[in-house]
Structures are given as structure tokens and as C-alpha cells.
Amino acid sequence: MKLPHIKGFDQDALNKYFKNTGLLMFGRVGSMAIKMVVSILVANYLLTYNNGILSTSTGYVFLFASIAGLGLDSFIVKELHQFPDQRDRILGTSFFLKLIAGLFCIPAIFVAWKLFPLSDVPYYFIFILSFIGLFQSLTVVDSYFQSEVKSKYIMQVQIVGNLISAATKIMLIQLSAPLLYFVYATVFDILLLSIGYWLMYQRKGRSIFNWSYDKALARKLLSLSWPLIISGLMVSIYMRIDAIMLKELLPNGANEAGAYATVVMFSEALNFVPVAIVTSLFPAILNARRDDPARYQKRLQNLFDLMVWLSLAFAIFITFASPIIYKLFRPEFASAAPVLAVHVWGSLFVFLGVASGQFLIAEGFNKLTFVRTGVGAIVNIILNFILIPLMGMMGTAIATVIAYFTATFIILFIPKTQKQGLMMLKSLFLVTLFQKITKR
């Protein structure tokens, strides 16, 4: 099966993309569909208040997820590509680093809670969820399968894990289980994936008991990944802080946060798509950068165009479909429909941001990745303080869209990246699309 022709990219590159990532995309789409159906059932069971308590508790802990991950995943894949014979050393060192970081997160979250507790949320919810960072350390196996281009194994783990997770939550609903059990179920989801990756790794004739730790490699990985740790933390803040602020700033904040959680679920449903596409197409773009600067700029522009077309189609569809989507929920969630119609437009800037992030890495502007997310986080927090008391959920959506726009287009104000910022603007306002149409 061949992909449709996209101008500026050769057909072989696109077919290679489909072959190498099609299964992984299928797995993620399947996982997303399962999660969305179950999330709707859980939201309708918990109703807005309990759903808000659960979502903000999870969001609070996930602020620390980037610390536990250490930003290592892309570097693990790179190391495995370069030194496949050092697999056990690379995976063992990465696992140990993530394990230590996950353990560190448990007391770090406790200290954060003492300084900034959430109202109406018992600490034992947070304590249970704080083990997520520890349990996700075994996901280094995911990086191994990526480096081997064996996406089908990742897909199998994700699909099976999400089916078991879905069955567990449906069983809890049938048993009329209290909210605490859904907190445990959230942690179980992460543990389940980690166990799945480990079993798949063992099944393929490998053993985690052969892994080893190398201090020199650990220093190398940490020296490379620290900007991504900061960037990941900033991303977590400006993607998670809105629901937490919504809950804390309004008298009925838990109900608002519960409804808003459903908005985020639908609005960010396809955020994995630009990552998969850019990861696959960017090697061809990098080759052009090395061999033909003019072709490099052309391919980069075409990539920005593709990101806009995909995200624009998604945003338009969700905008018109939002009233229909919320017929799947209990009536008390209905106020979230217009909020979703606004929030989804942030996907344009998320898609463009992913593409431009790869450009920054290719050009050696790594530090700008956490500068832009830091600015986005600050803008989001300031606007939330202003807009939430005035507009509630809608204020949060507006703040999020503006923050995404700011984080993406901050490169317009930096001389060495200004040209690429203008290229993204041309794509965003469909200038290049009209140019291509008029040339025909």
C-alpha cells in the first residue's frame, strides 16, 4: 500500500514512513479509541466533581513525570542505533537512571504537596499516584523496539494493556467502586504497560537480568538530556497547570475541572500524530540540509504546510462536532462543548511546534526548546489568573490556545530563527497553499 503523494517529499520516503510507523500509529489510534470510550464511561460514572478530583490529582503528579523520564528516550534510541552491540549496557544504565529518578519523585512530590496542596484532595491520592514515575522506568524497552524498528511489538503491548485497563475500569463501574479505586487503576495502567514491555522483551529472547550499569554512559546521557528535562518540566507545567488552576481558583472548581478534563481528552487526542510524522520525515529533510540548502528550505516549508493542513482539518471537524460529542456525556458536562470548540484550535500550534522543535534540534538550537516552553508556561499561568475568575472554563481554553501560539512563534523574535518563524506563518495563513494553487 502506498501513501498519497505529498509535494516536496519523494514517494519512497513516504512509503518507508508508512512501513516503519504504520503499525505503531495503528496501535496508538487503537489505544486512543479504547481510552476515549472508557474515559467517557468513567466520567459519566464519577460525574464532574469526582472526575475533577481524579484528573487534577493525576495532573499534579504528572507535573513531575518529565523529571522521572529524564528526557532520555530519544537519546536511548540514538545510542542503540550507534552501538547495537552495547544494548544491555545502554538499557541497563538508562533503566537505573529512570529508577532512581522515579524514587526521587516520591519525596519531591511530598515536599511540593506541603508547599502547594490541592483543596479537597486527600494526600493519600497523591501518594499512590506518585509511584507512577517509579513504575514507568521499564518503558526503556519501548526505546529498544523503536531502535530495532519493531513497532508491532509496541503496538501489541499498548493494545493488550489498554484492553486490560479498560476491562478493569468497566468492572469498577459495574461494582460501583469508590473514587479511590480509580486512583489505583491509574497507577495500574502504567504498571501494566511496564510489565507488558518487560514480558515482550523476554519473549524475544532478551533478558533484563543481563543489563548492566555504566557510570561514564550515565554521565554522558545526563549531560545530553538535561535541557530536555527542563523543557519537559516546562511542557508539563503549561499543559497540566490549567486544570489545576481552574480547580483552585473557582468555588466550584472541582466540577469545572472534571468537565474540562473531557475537553482536553478530545482536543489533544491526535497530538501523537505530528510526532510520528515528523520523526519519520525529518531524516529526508536533514539529508537535504546537508546536500542542498534550497531543497532543505522547500522540504521544511512543505512539512509546516502538512502540519497546518492536518491540524486545521482536525480543528474544524471537532469545532462542528463538539455539540454531538457531548451528547455522549451526562447533561452536567454539556457546558464543556463550546470550550472544546475553542481549545481544539491550539492543535494548530502544537502541530507546528513539534515540526519547528525538530528544526531547532537540527540547527543545534537545543536551548531554545526549553526557552519557548518556559515562555509558554509563564503566559499560560498569567492568563489563567486573569481569565479563569472572569470566564471559568472558557478562560482556561483561551489561555491555553494563546500559550501554545506564544510558545510556537516566540522564534519570530530571535534573529537566527526568524526565517523559520515566517515560514510557519506562511503555512498558518495558507499563503503557500494559495501560491501552489495559482501556479497550476
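Structure's up top.
Note that the coordinates shown come from a computational prediction; the quantities given were computed from them, not determined experimentally.

When helices and strands are counted, the chain shows 19 helices and 0 strands. Taken across its 440 residues, the chain has 54% of its residues classed as buried. In the chain, once contacts between residues fewer than 6 apart in sequence are set aside, the share between residues at least 24 apart is 80%. Element-wise, carbon and sulfur atoms account for 69% of the exposed surface of the chain, whose accessible area totals about 20,000 Å².

What follows deals with a nonpolar patch on the surface. Together, Leu-249, Ile-378, Ile-382, Phe-385, Ile-386, Leu-390 and Met-391 give the surface a local cluster of nonpolar side chains, amounting to about 690 Å² of exposed area. In terms of residue count, helix 16 (residues 366-391) provides more of the nonpolar patch than any other element does, 6 residues in total. Within the secondary structure layout, Leu-390 lies in helix 16. Taking relative accessible area as the criterion, Leu-390 reaches 67% and is therefore assigned exposed.

This part is about the packing of helix 11 (residues 253-267) against helix 17 (residues 393-409). At their nearest, the axes of helix 11 and helix 17 sit 10 Å apart, and the two run at 50° to each other. Classified by the angle between their axes, helix 11 and helix 17 sit oblique to one another. For the pair helix 11 and helix 17, the crossing hand works out as right-handed. Where helix 11 abuts helix 17, its residues Glu-256, Ala-259 and Tyr-260 lie against Met-393, Thr-396, Ala-397 and Thr-400.

The next thing to look at is the packing of aromatic side chains. Within this structure, the stated rule accounts for 18 aromatic pairs. Three or more aromatic residues joined by ring pairs form one cluster here, namely Tyr-60, Phe-110, Trp-113, Tyr-123, Phe-127, Phe-131 and Phe-135.

Our next topic: the nonpolar core. Most often, soluble globular proteins have nonpolar side chains that are buried together. Membership of the largest hydrophobic core comes to 110 residues, with the highest contact counts inside it found for Met-307, Tyr-326 and Phe-329. Those residues in contact with Met-307 that sit more than four places away from it in its chain are Pro-274, Ile-277, Val-278, Phe-351, Leu-352 and Ala-355. In this structure, Leu-138, Val-141, Phe-145 and Tyr-153 belong to the second largest nonpolar core, which totals 22 residues.

This paragraph deals with the pattern of salt bridges. Within the structure shown, the criterion is met by 3 salt bridges. Asp-214 is the salt-bridge partner of Arg-89, the closest N and O atoms lying 3.5 Å from each other. Of the two residues, Arg-89 is situated in helix 4 (residues 87-115) and Asp-214 in the loop between helix 9 (179-203) and helix 10 (215-249); the sequence distance between them amounts to 125 residues. We classify Asp-214 as partly exposed; its relative accessible area is 23%. Glu-248 is the partner of Lys-247 in a salt bridge, and the nearest nitrogen-oxygen pair spans 2.9 Å.

Here the focus is unusual backbone geometry. One non-glycine residue, Ser-176, adopts positive backbone phi at about 55°. Among the structural elements, Ser-176 can be located in the loop between helix 8 (151-174) and helix 9. Backbone geometry places Leu-430, a non-glycine residue, at a positive phi of 60°. Looking at where Leu-430 falls in the secondary structure, it is placed in the loop between helix 18 (418-428) and helix 19 (431-439).

All right, on to the side chain of Thr-417 then. Here Thr-417 lies in the loop between helix 17 and helix 18. Given a relative accessible area of 0%, Thr-417 falls into the buried group. In terms of polar contacts, Thr-417 uses its side chain to reach the backbone carbonyl oxygen of Ile-411, at 2.8 Å.

Looking now at the packing of helix 13 (residues 293-325) against helix 18. Between two packed helices, what matters for the description is the angle formed by their axes and the separation of those axes. Contact geometry for helix 13 and helix 18: axes closest at 9 Å, N-to-C directions at 45°. With respect to helix 18, the axis of helix 13 lies oblique. Here helix 13 and helix 18 pass one another in a crossing that is right-handed. Two secondary-structure elements touch here, helix 13 through Gln-297, Leu-300, Gln-301, Phe-304, Asp-305 and Val-308 and helix 18 through Lys-419, Gln-420, Met-423, Met-424, Lys-426, Ser-427 and Leu-428. Looking at side-chain class alone, the contact of helix 13 with helix 18 contains 6 nonpolar, 4 polar and 3 charged residues.

So, on to helix 13. Helix length check: helix 13, at 33 residues, gives a terminal C-alpha distance of 46 Å against a target of 48 Å (1.5 Å per residue), a fit within 8%. Of all the bends in helix 13, the greatest, near 40°, is centred on Thr-319, and the proline Pro-323 appears no more than four residues after it.

Within the secondary structure layout, Gly-421 lies in helix 18. Considered as a pair, Gly-421 and Ser-356 are 65 residues apart in the sequence and their alpha carbons are 8.4 Å apart. If we ignore the near neighbours within four places in the chain, the residues touching Gly-421 are Phe-409, Ile-411 and Leu-412.

Parameters and conventions
- Residues numbered from 1 in each chain as written.
- Predicted model: local features only at pLDDT ≥ 70, side-chain atom pairs only at ≥ 80, totals over all residues.
- Heavy atoms only, no water.
- Helix = DSSP H or I, 4+ residues; strand = E, 2+ residues; numbered from the N terminus.
- Buried < 20%, exposed > 50% of the residue type's maximum accessible area, 1.4 Å probe, protein only.
- Contact = heavy atoms within 4.5 Å.
- Areas by Shrake-Rupley, 256 points an atom, 1.4 Å probe, with all protein chains shown as cover.
- Patch = residues over 30% accessible without salt bridge, like charges linked within 9 Å, V, L, I, M, F, W, Y side chains within 5 Å.
- Salt bridge = Lys/Arg side-chain N within 4 Å of Asp/Glu carboxyl O.
- Axes fitted to C-alpha atoms, helices over the stretch in contact; angles between N-to-C directions.
- Parallel < 35°, antiparallel > 145°, perpendicular 65-115°, else oblique.
- Left-handed = near helix turned anticlockwise from the far one by under 90°.
- Phe/Tyr/Trp six-rings, centres within 6.5 Å; stacked < 30°, edge-to-face > 60°.
- Core = buried A, V, L, I, M, F, W, Y, C linked by side-chain atoms within 4.5 Å.
- Polar contact = N/O pair within 3.5 Å; in protein donor to acceptor, adjacent residues only side chain to side chain.
- Nonpolar A, V, L, I, M, F, W, Y, C, P; charged D, E, K, R; others polar.
- Expected span 1.5 Å × (residues − 1).
- Bend = angle between axes of the 7 residues up to and from the residue.

Everything listed here is a matter of coordinates, which is why it stays silent on function.
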